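These are the residues of each chain, in order.
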Amino acid sequence: MELFFDTRQLNHRPTQYLVHGRIVAPLEKPERFEVMRDALLAAGLLEGKVQDSGSDPIRNVHAPHYVAFLETAVEAFAALPNAGPELLPNVHPYAAGTPGLRQRPAPRTTGILGRAGWYIGDMSCAMMAGTFEAAYWSAQSALSAATAVAEGADCAFALCRPPGHHAYADRASGFCFFNNAALAAERLRRVHDRVAILDFDTHHGDGTQAIFYERADVLFASTHTDPQAYYPHYFGYADETGEGEGRGFNLNIPLAPGSDDDHFVGAVERLAERVLRHAPGALVLSAGWDAHRNDPLSRLDVGTQAFSRIGKLLGGLNLPTVIVQEGGYSLDAVAEAAPAFMTAFRSAR
Ligand SMILES: [Zn+2]
């Protein structure tokens, strides 16, 4: 089984992140990539070759005007007088229904701060010189893993960093710029009529949900910490079941803070049952390790053993599978949980 990554994904190295009213060092740091790569190679995965599929597959999921913003934002920002070390938005225009709110900023005439406020949804997506390149190669890692599975590999792991499941079609948020799981799902859709995405990161995959919310061909099924007092706050509730043709093809199982291994594994079991009813040709896993009780963002009481249990469960589905790296911020916890999951997953094939 191959592990897809590109060291240009290390070039996103922001220094600022706003949490609980303080600017702190980001949790989503390059060391995560190195620790997970080393742990997964040590667990027996083999380094795959990331191909450059170009930007067309990215612009198939993301609005071209958003991709253009990401590509040019840092250069425009650097031209501001007294520009800081990295671009962060300081305006937030998302007031649904506000009379007179413009549809979106004009690429050439709206200033960079106006565009940043529009396209960057929160204060966890600082952009600097290497950000676009890192996000681009993270996306290509996902596309390469999906291509391997589309062409017959049983499973592949995309070591995506920056992660992707909070990225919308036209908005960055939650450390995410391009939605790597959505890119993988669309790549698989070229060879399968139905695809499923199962997301067990401890945050709801709101970007992925939004991208597929009105579609029946790509099922989105997620378990995560109850968003009532937890990121992403506005999405991830059980009554979000899809709209239009997508009604019934979105399943959220929020977990109460303090939920333990049995609650977490039980929720993944229910998601897996829904996935099997969808009868997909292939599965995408949005794999985050941040439910682990030692993760600095976790509100759950989940241990390494739970990741081993869901690895066995999901490997046992015997669906062609692309595993896409999402969150996980304790270097010690990810170094345990990711290989525990993979060892169990592979032994169940
Ligand atoms: Zn997460």
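Residues numbered from 1 in each chain as written. Predicted model: local features only at pLDDT ≥ 70, side-chain atom pairs only at ≥ 80, totals over all residues. Heavy atoms only, no water.

Visitor: Before we move on, can you summarise the nonpolar core with the specific residues and values?
Guide: By size, the foremost hydrophobic cluster in this structure holds 54 residues, and its most contacted members are F69, M127, F178, L188 and V284. Per-element tally for this core: the top contributor is helix α5 (residues 131–150), with twelve residues. Counting 45 residues, the second largest nonpolar core, distinct from the first, contains F264, L285, F307 and L317. (Core = buried A, V, L, I, M, F, W, Y, C linked by side-chain atoms within 4.5 Å. Buried < 20%, exposed > 50% of the residue type's maximum accessible area, 1.4 Å probe, protein only. Helix = DSSP H or I, 4+ residues; strand = E, 2+ residues; numbered from the N terminus.)

Visitor: How would you explain unusual backbone geometry if you had to name every residue and give the values?
Guide: A cis amide bond, omega 0°, links R161 with the succeeding residue P162. Tracing the backbone shows P162 in the loop between β5 (155–158) and α6 (180–189). The omega torsion across Y231 and P232 is 5°, close enough to zero to call that bond cis. Positionally, P232 belongs in the loop between β7 (218–225) and β8 (250–255). Not every positive phi belongs to a glycine, and F175 is a case in point at roughly 70°. In this structure, A279 takes a positive phi of about 50° despite not being glycine. For A279, the position within the fold is in the loop between α8 (261–278) and β9 (282–287).

Visitor: Give me the coordination of the zinc ion: which residues, what numbers.
Guide: Around the zinc ion, the protein contributes the donor atoms D201 (OD), D201 (OD), H203 (ND1) and D290 (OD), at 2.0 to 2.8 Å from the metal centre. Here the zinc ion binds four donor atoms, and the angle range of 51 to 153° at the metal identifies the geometry as irregular. All donor residues of the zinc ion come from one chain, and their arrangement in sequence is D-x1-H-x86-D. There is no split in this pair, since D201 and H203 are both buried. (Donors = N, O, S within 2.8 Å, 3.2 Å for Na, K, Ca; no water. Tetrahedral: all angles 85-135°; square planar, octahedral: opposite > 155°, others 65-115°.)

Visitor: So what's going on with the packing of aromatic side chains? Which residues, and what values?
Guide: As enumerated under the stated definition, the model contains 16 aromatic pairs in all. Where F200 meets F307, the ring centres are 6.5 Å apart and the plane angle is 55°; that geometry is what we call tilted. Taken as a pair, F200 in the loop between β6 (195–199) and α7 (206–212) and F307 in helix α9 (residues 304–315) lie far apart in primary sequence, 107 residues in all. Each of the two residues, F200 as well as F307, counts as buried. (Phe/Tyr/Trp six-rings, centres within 6.5 Å; stacked < 30°, edge-to-face > 60°.)

Visitor: How would you explain the sheet that holds β7 if you had to name every residue and give the values?
Guide: Strand pairing in a sheet relies on backbone hydrogen bonds, with the paired strands running either antiparallel or parallel. Here we have eight strands laid out as an open sheet, ordered β4-β1-β5-β10-β9-β6-β7-β8, and parallel in their pairing. Edge positions in the open sheet fall to β4 (46–47) and β8, since each of these has one partner strand only. The strands touched by helix α10 (residues 331–347) within the sheet are β5, β9 and β10 (321–325), with β10 carrying the most contacts at an inclination of about 180°. (Pairing = 2+ DSSP bridges. Contact = heavy atoms within 4.5 Å. Axes fitted to C-alpha atoms, helices over the stretch in contact; angles between N-to-C directions.)

Visitor: Residues and numbers for helix α1 (residues 30–42), please.
Guide: When the terminal C-alpha atoms of α1 are compared, their 19 Å separation across 13 residues agrees well with the 18 Å that a helix rising 1.5 Å per residue should span. Of all the residues in α1, the buried ones are P30, R32, F33, M36, R37, A39 and L40. For α1, the elements touching its buried residues are β1 (2–4), β5, β10 and α10. Phi for G44, located one or two positions after α1, is positive at around 110°. (Expected span 1.5 Å × (residues − 1).)

Visitor: Pulling in residues and values, what's your account of the environment of R349?
Guide: Tracing the sequence through the fold places R349 in the segment after α10. Judged by relative accessible area, R349 falls into the partly exposed class, the value being 28%. Residues R349 and N318, 31 residues apart in the sequence, show an inter-C-alpha distance of 6.2 Å. If we ignore the near neighbours within four places in the chain, the residues touching R349 are D154, C155, L314, G315, N318, L319, P320 and T321. Here the side chain of R349 touches D154 through a polar contact of 2.9 Å, side chain to side chain. (Polar contact = N/O pair within 3.5 Å; in protein donor to acceptor, adjacent residues only side chain to side chain.)

Visitor: Outline the pairing of β9, listing residues and values.
Guide: Buried residues dominate β9, accounting for six of its six residues. Sheet topology places β9 next to β10; five bridges connect them, and they run parallel. The partner of S286 across the bridge, within β10, is V324. Handedness of the crossover joining β9 and β10 through α9 is recorded here as right-handed. (Right-handed = clockwise from strand over helix to strand, strands pointing away.)

Visitor: An account of the side chain of S259 is needed here, citing residue identities and associated values.
Guide: By the element assignment, S259 lies in the loop between β8 and α8. The class of S259 is buried, set by a relative accessible area of 8%. A polar atom in the side chain of S259 sits 2.6 Å from the backbone oxygen of A256. When neighbours within four sequence positions are excluded, S259 is seen to be in contact with L300, D301 and V302.

Visitor: Report on the pattern of salt bridges, specifying residues and quantitative values.
Guide: All chains considered together, the criterion is met by eleven salt bridges. Put simply, D217 and R189 hold a salt bridge, and the shortest N to O gap is 2.7 Å. Of this pair, D217 sits in the loop between α7 and β7 while R189 sits in helix α6; the two residues are 28 residues apart in sequence, bridging distant segments of the chain. Among the residues examined, D217 registers a relative accessible area of 16% and is labelled buried. The exposure class assigned to R189 is partly exposed, which follows from its relative accessible area of 26%. Through salt bridges that share partners, E186, R189, R215 and D217 make up one connected network. (Salt bridge = Lys/Arg side-chain N within 4 Å of Asp/Glu carboxyl O.)

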